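# Breakdown of the fold
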Amino acid sequence: MTWLAFLNIARKVLFFTIPIPVAVILAAALYVHFYSIPSAIKQYVSGAELQASKTEIVALQKIADEQKRRADNAEAAGLKLAQSMADVRQQKIGLQDEINKLQARPVDPACRVGGLIDELRNN
């Protein structure tokens, strides 16, 4: 087979035509242009929005976990503070009783600061 024969067959195959109305070809081209490409874009954008939403949910969950940890720490600190305040109140009551006992004891008359103590008690 010579090159000319091959080119002649190739030309017949490549330029084979079927009488299709131009309107059908134009309608098909418009459909592909306006529906399939925007549909693919919408699908791509929807996928990106879904991924962004998932990422946002993960970030919000991390924030919520951190806030819960802080709230737990604050609650533990509050309980510790309440216990410390109760201990201080008990110490205050014990020290007040000790002060009252000391003040109730009579002062030795030979003590030089006895008059000063009486003055301080009256004030």
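Residues numbered from 1 in each chain as written. Predicted model: local features only at pLDDT ≥ 70, side-chain atom pairs only at ≥ 80, totals over all residues. Heavy atoms only, no water.

Across its full length, the protein holds three helices and zero strands. In the protein, the succession of helices and strands from N to C terminus is α-α-α. In the protein, which comprises 123 residues, the proportion classed as buried is 1%. For the protein, the exposed area adds up to about 11,700 Å²; of that, 65% sits on carbon and sulfur atoms. (Helix = DSSP H or I, 4+ residues; strand = E, 2+ residues; numbered from the N terminus. Buried < 20%, exposed > 50% of the residue type's maximum accessible area, 1.4 Å probe, protein only. Areas by Shrake-Rupley, 256 points an atom, 1.4 Å probe, with all protein chains shown as cover.)

Any region with low pLDDT has predicted coordinates that should not be read closely. The predicted model of the protein has a mean per-residue pLDDT of 83, with 79% of residues at 70 or higher. Across the protein, element-level confidence peaks in helix H2 (residues 22-104) with a mean pLDDT of 89 and bottoms out in helix H3 (residues 114-122) with 69. (pLDDT = per-residue confidence, 0-100.)

This part is about a nonpolar patch on the surface. Taken together, the side chains of Leu-26, Leu-30, Tyr-31, Val-32, Phe-34 and Tyr-35 present a nonpolar region at the surface, about 660 Å² in accessible area. Note on placement: Val-32 falls in helix H2. Residue classification places Val-32 among the partly exposed positions, given a relative accessible area of 44%. (Patch = residues over 30% accessible without salt bridge, like charges linked within 9 Å, V, L, I, M, F, W, Y side chains within 5 Å. Salt bridge = Lys/Arg side-chain N within 4 Å of Asp/Glu carboxyl O.)

Side chains that differ in charge, positive against negative, can pair when their charged atoms come close. Per the counting criterion, the structure on display carries three salt bridges. Taken together, the shared-partner salt bridges connect Glu-66, Arg-69 and Arg-70 into one network.

All right, on to the packing of aromatic side chains then. In total, this model carries one aromatic pair according to the counting rule given. Plain terms: the ring middles of Trp-3 and Phe-6 are 6.3 Å apart, the flat faces sit at 90° to each other, and that makes the pair edge-to-face. Taken as a pair, Trp-3 and Phe-6 lie in helix H1 (residues 3-14) at a separation of three residues, close to a single helical turn. A residue is classified by how much of its surface remains accessible, and Phe-6, at 46% relative accessible area, is partly exposed. (Phe/Tyr/Trp six-rings, centres within 6.5 Å; stacked < 30°, edge-to-face > 60°.)

Right, let's get into the environment of Arg-121. In this structure, Arg-121 sits in helix H3. Spatially, the C-alpha atoms of Arg-121 and Gln-103 are 8.4 Å apart, while their sequence positions differ by 18 residues.

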